[in-house]
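# A look at the structure
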Amino acid sequence: MPAHPPRAANRGRRRTLAANRVSLEGWGWSGVPCTPLWELEAHAQKEWLGSQPGNEGRARFGRSPAFRARALLQEMDWEQLELNPRVVAALRKADIKSIKEVLNLSGADLQRLMKLSSADAECLLKTVSRSLRRNCMLTALQLYQDKDHFASQHQKLSLGCSVLDNLLKGGIPLVGITELAGESSAGKTQISLQLCLCVQYPYKYGGLESGAVYICTEDAFPSKRLQQLIDQQHKLRADVPPEVIQKIRFGNNIFVEHAADLDTFHNCITKRISLLLKRGMVRLVVIDSIAALFRCEFGASDSVLKARYLQMFGAQLHSLSTRFSTPVVCINQVTDAVGESEAAQCGCGSVDNKVTPALGITWANHLLMRLMVSRVSQRDQLSGAVFHHAGTVRTLRVAFAPHLPPSFCCYTVELEGVKGIK
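In this text the structure is predicted, and so the values were computed from the model without any measurement.

Definitions and cut-offs
- Residues numbered from 1 in each chain as written.
- Predicted model: local features only at pLDDT ≥ 70, side-chain atom pairs only at ≥ 80, totals over all residues.
- Heavy atoms only, no water.
- Helix = DSSP H or I, 4+ residues; strand = E, 2+ residues; numbered from the N terminus.
- Buried < 20%, exposed > 50% of the residue type's maximum accessible area, 1.4 Å probe, protein only.
- Areas by Shrake-Rupley, 256 points an atom, 1.4 Å probe, with all protein chains shown as cover.
- Salt bridge = Lys/Arg side-chain N within 4 Å of Asp/Glu carboxyl O.
- Phe/Tyr/Trp six-rings, centres within 6.5 Å; stacked < 30°, edge-to-face > 60°.
- Lys NZ or Arg CZ within 6 Å of the ring centre and 35° of its normal.
- Core = buried A, V, L, I, M, F, W, Y, C linked by side-chain atoms within 4.5 Å.
- Contact = heavy atoms within 4.5 Å.
- Axes fitted to C-alpha atoms, helices over the stretch in contact; angles between N-to-C directions.
- Parallel < 35°, antiparallel > 145°, perpendicular 65-115°, else oblique.
- Left-handed = near helix turned anticlockwise from the far one by under 90°.
- Nonpolar A, V, L, I, M, F, W, Y, C, P; charged D, E, K, R; others polar.
- Pairing = 2+ DSSP bridges.
- Polar contact = N/O pair within 3.5 Å; in protein donor to acceptor, adjacent residues only side chain to side chain.
- Expected span 1.5 Å × (residues − 1).

Turning to the overall build of the protein, a few remarks are in order. Helix and strand content of the protein: 21 helices and 13 strands. For the protein, the residues scored as buried account for 44% of the 422 residues in total. Approximately 22500 Å² of the protein is accessible, and the part contributed by carbon and sulfur atoms is 52%.

All right, on to unusual backbone geometry then. Here the bond from Asp288 into Ser289 is cis, since omega is 5°, no more than 30 degrees from zero. Counting through the fold element by element, Ser289 comes out in the loop between strand S6 (282-288) and helix H17 (292-295). Despite not being glycine, Lys115 has its phi angle at roughly 60°, a positive value. Structurally, Lys115 is set in the loop between helix H7 (107-114) and helix H8 (118-133). Judged by its relative accessible area of 64%, Lys115 is exposed. With phi around 55°, Glu209 is a residue other than glycine that occupies positive phi space. Among the structural elements, Glu209 can be located in the loop between helix H12 (188-198) and strand S4 (211-216).

In this section: H12. Judged by how many residues are buried, H12 sits mostly within the fold: 9 of 11 residues are covered. Regarding H12, the residues found buried are Lys188, Ile191, Ser192, Leu193, Gln194, Leu195, Cys196, Leu197 and Cys198.

The full count for this structure, using the stated rule, is 10 salt bridges. Residues Arg370 and Glu179 are paired through a salt bridge, measuring 2.3 Å at the closest nitrogen-oxygen approach. On the criterion of sequence distance, the pair formed by Arg370 in strand S10 (residues 369-375) and Glu179 in strand S3 (residues 177-182) is long-range, its members being 191 residues apart. Glu179 shares its class with Arg370; the two are buried. Note that Arg237 and Asp239 form a salt bridge whose closest N and O atoms lie 3.2 Å from each other.

What follows is about the packing of aromatic side chains. A full pass over the atoms with the stated rule returns 5 aromatic pairs. When the ring of Tyr201 is compared with that of Phe250, the centres are 5.6 Å apart and the planes differ by 55°; the resulting orientation is tilted. Of the two residues, Tyr201 is situated in the loop between H12 and S4 and Phe250 in the loop between helix H15 (242-247) and strand S5 (254-258); the sequence distance between them amounts to 49 residues. Considered together, Tyr201 and Phe250 belong to a single accessibility category, that of buried residues. On the basis of an interplanar angle of 65° and a centroid distance of 6.2 Å, the ring pair of Phe294 and Phe313 is categorised as edge-to-face. Of the two residues, Phe294 sits in helix H17 while Phe313 sits in helix H18 (residues 303-324), which places them 19 residues apart along the sequence. Exposure remark for Phe294: the relative accessible area of 3% places this residue in the buried category. An aromatic cluster of three or more residues is present, and its members are Phe265, Phe294, Tyr309 and Phe313. Above the ring of Tyr201, the side-chain terminus of Arg237 is found at 4.5 Å from the ring centroid.

Looking now at the nonpolar core. Residues Leu168, Ile172, Leu284 and Leu396 are the most contacted members of the largest nonpolar core, which totals 47 residues. Per element, the largest residue contribution to this core is 5 residues, and it comes from H12. Setting aside residues no more than four positions away along its own chain, Leu168 makes contact with Lys156, Leu159, Met369, Leu371, Val398, His403 and Leu404. If you look at the next biggest cluster of nonpolar residues, it comprises 32 residues, including Ile215, Val285, Val328 and Cys330.

Their axes nearest at 10 Å, the elements H12 and helix H13 (residues 223-231) cross at an angle of 50°. Overall, the two elements H12 and H13 adopt an arrangement that is oblique. In the packing of H12 onto H13, the handedness of the crossing is right-handed. Contacts between H12 and H13 involve Gln190, Leu193, Gln194 and Leu197 from the former and Arg225, Leu226, Leu229 and Ile230 from the latter. For the contact of H12 with H13, the per-class residue count stands at 5 nonpolar, 2 polar and 1 charged.

Our focus in this paragraph is the sheet that holds S3. Read across the sheet, 9 strands follow the order S5-S4-S6-S7-S3-S10-S11-S12-S13 without closing on themselves; strand pairing throughout is mixed. At either margin of the open sheet sits one strand with a lone partner, and together these are S5 and strand S13 (417-421). Shown here is a sheet whose adjacent strand axes are inclined to one another by a mean of 25°, direction ignored. Pairing analysis gives 5 bridges linking strand S12 (residues 408-414) to S13, with the strands arranged antiparallel. Bridge assignment links Val413 to a residue of S13, and that residue is Val418. Contacting S4, S5 and S6, helix H16 (residues 262-278) crosses the sheet at an angle of about 170° to S4.

Our next topic: the side chain of Glu416. Structurally, Glu416 is set in the loop between S12 and S13. Within the structure, the side chain of Glu416 is placed 2.6 Å from the side chain of Lys419, a separation counted as a polar contact. Residues within four places of Glu416 in sequence aside, it is in contact with Leu229, Gln232, Lys235 and Leu236.

It is worth spelling out H16 at this point. A rise of 1.5 Å per residue sets the reference length of H16, with its 17 residues, at 24 Å; its end C-alpha atoms lie 23 Å apart and thus fit the reference within 8%. Among the residues of H16, those classed as buried are Leu262, Phe265, Cys268, Ile269, Ile273, Ser274, Leu275, Leu276 and Leu277. Measuring from the backbone nitrogen of Asp263 back to the side-chain oxygen at the start of H16 gives 3.2 Å, which picks out Asp261 as the cap. Note on H16: the residue one or two positions beyond its end, Gly280, has a positive phi of about 75°.

Across the interface, H16 lies against H18 with an axial gap of 11 Å and an inter-helix angle of 5°. One element, H16, and the other, H18, form an angle in the roughly parallel class. Contacts between H16 and H18 pair Leu262, Phe265, His266, Ile269, Thr270, Ile273, Ser274, Leu277 and Lys278 from the former with Tyr309, Met312, Phe313, Gln316, Leu317, Leu320, Arg323 and Phe324 from the latter. For the contact of H16 with H18, the per-class residue count stands at 11 nonpolar, 4 polar and 2 charged.

Right, here's the structure in full:
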């Protein structure tokens, strides 16, 4: 005897919940509590429902993508929607209680499960979709008056140096892919390691109060240099009280992954990193370097296949950054620039150093911001082109960004970290 549709649907939902109870056991990362994802989601839902005083919870609802996503899980009063009473009765009979359950079903599935006509099923899907879009249109005045509506668009991740932050108008944007390109020994990895520490600071000090994922694609992770930076944080971040720095366990919040080929990298960004982001354990993704994945995999005749992989990875990284308001920093290598047209095509402006970032225009189209780093030659330092400074002087230049003009500043790499030169 066939099972009753509501019971069958419930069993399917139970199987789905059981499959989603994923833990991080077996990752090889010690010292990090592995709370199951389903418990975190249930806690977040319970906190939103019961712990917001007054109307604060209702005010936050709809302002954050995370809170709008939770609206999909809330039990709905179907009579509040403009639905035919026959459809409302069918929803209750099928034990469908949330918007998410409706949107996870196709029109054909709704017809079969709820015994609806095709017109009723289509009307139900349109009505539910409209309820999610309701009140999403805002005027410019409303945006101006509600400062924190799109706070993530204005918030930046600090680089840990006021000079570098001033160049970037606050730091690295939270949504989008930022590329850091330059020659060997220009300081790309040093800046990336410093970002992995800066992201762990409280919001008031330019951080995001979360960890970082560092994906190595060619060299071993520079753990000794990272430990040096951790030990010297009290000198680099003089703007942060010492007791705040002492409370942060920097090493426990940096997750290292090695991906030497495209398949491993794809599995890493689609499964492993997604799980960390869902749990709120990280708010920064660093890839060192993106070009190394394609250097040996493709020949000169594989340009079409290479472009497809670049487009796929670029779209996946964009999706992660947008969904979780997480900056993605990709280190890129450089190649010799044949002429000014090639440099201009990749947003480099000039070919003074005769180099241009690797991977071409296909990759450049996925970037929000491109930063170029380079070493200043000893001849330029001695001739006065760059004022005299102890140690090797490097430059950080904005190649392109929608919110920044082309500009640059000088910096040095010291024991305590990267410091801009005023």
